[in-house]
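The chain contents come next:
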Amino acid sequence: MLQGSCLCGLVQYEYSGELGPIAMCHCSQCRRAQGSAYATNSPIRVSHFRFVTGQEVVKEFESTPGKKRAFCRECGSPIYSRLDSKPDTLRLRIGSLITPIDVKPSYHIYANSAGEWYEFTDGLPRYAELEDSPLV
Ligand SMILES: [Zn+2]
Ligand SMILES: [Zn+2]
């Protein structure tokens, strides 16, 4: 069982499934939403995710039609994003986990949108856009 929380602690969740491949997403929306070089996300199964506390303070922002980004409305911590077209999946923000994990990031996505100030140094695959796009 994995446990996670927002910064202020109002939102706490549990996840009892497996993490999918961890991607570092450099798209301009993720960069703004995280205030950083990239978001670190893993696809997880909705059916194995539950809020322990704070579901009522989770706000979903529709950043593009059909795509929602969920965050704590008290402290602003991003928790997950989801697509209306993929109702079984959340993209969990790995930085919100409390439980240590032994999985490492697999690749970068939207590398073509990376901030000009960011330098790739980890040698991981860099996809131009999503995982099925060409490498850059
Ligand atoms: Zn919070
Ligand atoms: Zn992104």
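For the structure itself, look to the data block above.
This structure is a prediction, so every number in the text was calculated from the model and none was measured.

K.L.:
How do you make sense of the sheet that holds strand E5 (residues 49-53) when you look at a structure like this?
P.N.:
Within a sheet, neighbouring strands are paired by backbone hydrogen bonds and run either parallel or antiparallel to one another. Taking strand neighbours across the sheet as the criterion, the 3 strands line up as E1-E2-E5 in an open arrangement whose pairing is antiparallel. On the outer flanks of this sheet lie strand E1 (2-5) and E5, each paired with one strand and no other. Taking the axes of each pair of neighbouring strands and ignoring which way they run, one obtains an average angle of 25 degrees across the sheet. Pairing between strand E2 (residues 12-15) and E5: 4 bridges, direction antiparallel. Residue Tyr15 lies in a different strand from E5, and its bridge partner there is Phe49.

K.L.:
Which parts of the structure should I look at to understand the nonpolar core?
P.N.:
In globular proteins that are soluble, nonpolar side chains generally tend to be buried together. Among the nonpolar cores identified, the biggest contains 14 residues, and Val11, Cys72, Ile79, Tyr80 and Leu92 are the most heavily contacted of them. Mapped by element, the contributors of at least two residues to this core are E2, strand E7 (67-72), strand E8 (78-83) and strand E9 (89-93). Broken down by element, this core gets its largest block of residues, 3 residues, from E7. Filtering out sequence-adjacent residues up to four positions away, Leu92 remains in contact with Asn41, Ser42, Ile44 and Tyr80. Grouped together as the second largest cluster of nonpolar side chains are 11 residues, Ala23, Ala39, Ala114 and Tyr127 included.

K.L.:
I'm lost on the pairing of strand E4 (residues 39-45) in this one. Help?
P.N.:
Note on strand geometry: in a regular strand, side chains alternate between the two faces of the sheet. Examined bridge by bridge, strand E3 (residues 23-25) and E4 share 3 bridges and lie antiparallel to one another. When the sheet's bridge partners are listed, Ala23 is paired in E4 with Asn41. As judged from the 5 bridges shared by E4 and E9, these two strands associate in the antiparallel manner. Looking across to E9, one finds that Asn41 is bridged to Arg93.

Parameters at a glance
Residues numbered from 1 in each chain as written. Chains lettered and ligands numbered in written order. Predicted model: local features only at pLDDT ≥ 70, side-chain atom pairs only at ≥ 80, totals over all residues. Pairing = 2+ DSSP bridges. Helix = DSSP H or I, 4+ residues; strand = E, 2+ residues; numbered from the N terminus. Axes fitted to C-alpha atoms, helices over the stretch in contact; angles between N-to-C directions. Core = buried A, V, L, I, M, F, W, Y, C linked by C-beta atoms within 7 Å. Buried ≥ 20, exposed ≤ 12 C-beta atoms within 10 Å, placed from the backbone. Contact = placed C-beta atoms within 7 Å.

These figures capture arrangement, not role.
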